[in-house]
Amino acid sequence: MTRTYWAAGTAVLLALLFAVAATVASASGGDGDGSRTSSRAPGLYSPDAGFARDMAVHHQQAVEMSFIVRDRTKDEPVRSLAYDIANTQANQRGMLLGWLDLWGLPKVVADEPPMSWMGSADQHAGHDMAGHDMGGSDMAGHDMGGATAKPGALMPGMATKEELSQLGAAEGRDAEVLYLQLMTDHHKGGVAMARGCAAQCETPAERALAQGMVEAQQSELTLMADMLKQRGAAPRG
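Residues numbered from 1 in each chain as written. Predicted model: local features only at pLDDT ≥ 70, side-chain atom pairs only at ≥ 80, totals over all residues. Heavy atoms only, no water.

## Overview of the packing of helix α6 (residues 172-200) against helix α7 (residues 204-230)
- It is the contact of α6 with α7, at a shortest axis distance of 8 Å, that shows an interaxial angle of 155°. The angle between α6 and α7 falls in the class roughly antiparallel. Between α6 and α7 lies a crossing of left-handed hand.
- Tallied by class, the residues present in the contact of α6 with α7 amount to 14 nonpolar, seven polar and five charged. (Axes fitted to C-alpha atoms, helices over the stretch in contact; angles between N-to-C directions. Helix = DSSP H or I, 4+ residues; strand = E, 2+ residues; numbered from the N terminus. Parallel < 35°, antiparallel > 145°, perpendicular 65-115°, else oblique. Left-handed = near helix turned anticlockwise from the far one by under 90°. Nonpolar A, V, L, I, M, F, W, Y, C, P; charged D, E, K, R; others polar.)

What follows is the structure in structure tokens.
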């Protein structure tokens, strides 16, 4: 377990260091040629901006679930995992929202369906040139890397309101198992999103952060599978 935490923490730390360095460089003028950062800022519907907006929302729920389970169990391994997830994802969320501020882009776009940035490059180019033609309010036609949102959930892996209520009402082992199952689903959706950004985003620091998310969350998926097994349970689906 210690080795797993170390590997996950190292991947996230490296991604955060890359991201902070790049953010400072961008804020101070980027490549040193005197050009303005705004001239290189991602477009409103670009993968860079879409990932930042969607992953900020995705991360917020992981933080919420982690705080819930902290008060529903006294099991130290689960509480420690929940603390690590909440701390890491809250920090990453702040970074993603900070980039949107740096780029002069909104944190919410009313006519942008969740995950629409995972479409083709041609779709993104069309959005940025045509403005608000999003082709409807659903996610049809977008390559979501095999990840789909279940009924009642905003994005792949996210829990429904009913599931959050169940977690808040559970105690002890029941709370531990449900949290680990919900967070396993959450991480699987998050990994699919992060892989999309690692492949499509153009901002080097954001790609590095996304790749760090993939590596860290895959490591935590292995850990959570072991923790579920120890409790006589298994991931859902």
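Still more ground to cover, so stick around.
## Considerations on the nonpolar core
- If you look at the biggest cluster of nonpolar residues, it comprises 28 residues, and the most contacted ones within it are Phe51 and Leu96.
- At the level of secondary structure, the elements contributing two or more residues to this core comprise α2 (47-70), α3 (76-103), α6 and α7.
- Tallying contributions element by element places α3 first for this core, with six residues.
- Excluding residues within four positions of it along the chain, Leu96 makes contact with Phe51, Ala52, Met55, Ala56, Glu206, Leu209 and Met213.
- Listed in part, the 22 residues of the second largest apolar core include Ile85, Ala159, Leu178 and Leu182. (Core = buried A, V, L, I, M, F, W, Y, C linked by side-chain atoms within 4.5 Å. Buried < 20%, exposed > 50% of the residue type's maximum accessible area, 1.4 Å probe, protein only. Contact = heavy atoms within 4.5 Å.)

## A short note on the state of the cysteines
- Summed over all chains, the structure comprises one disulfide.
- There is a disulfide in this structure between Cys197 and Cys201, and the S-S distance comes to 2.3 Å. Here the disulfide of Cys197 and Cys201 is left-handed, its torsion about the S-S bond being about -125°. Here the two residues Cys197 and Cys201 agree in accessibility, since each one is buried. (Disulfide = S-S within 2.5 Å.)

## Thoughts on unusual backbone geometry
- We note that Met115 has phi near 75°; this positive angle belongs to a residue other than glycine.
- In this structure Met115 comes out as buried when scored by relative accessible area, which is 0%.

## Observations concerning α2
- Over its 24 residues, α2 extends 34 Å from the first C-alpha to the last, a length consistent with the 34 Å expected when each residue adds 1.5 Å.
- Counting buried positions along α2 gives 18 out of 24 residues, so the element sits mostly inside the fold. (Expected span 1.5 Å × (residues − 1).)

## Structural notes on the packing of aromatic side chains
- Taken as a whole and judged by the stated rule, the model has two aromatic pairs.
- Measuring from centroid to centroid gives 5.5 Å for Phe51 and Trp117, while their planes differ by 80°, and the two rings are edge-to-face. Of the two residues, Phe51 is situated in helix α2 and Trp117 in the loop between α3 and α4 (121-130); the sequence distance between them amounts to 66 residues.
- With relative accessibility at 0%, the residue Phe51 sits in the buried group.
- For the pair Trp99 and Trp103, a centre-to-centre distance of 6.3 Å together with 10° between the ring planes defines the contact as stacked. Of this pair, Trp99 and Trp103 both sit in helix α3, four residues apart, which is roughly one turn of that helix.
- Accessibility expressed as a relative area gives 3% for Trp99, which makes it buried.
- Classification of Trp103 as buried rests on a relative accessible area of 10%. (Phe/Tyr/Trp six-rings, centres within 6.5 Å; stacked < 30°, edge-to-face > 60°.)

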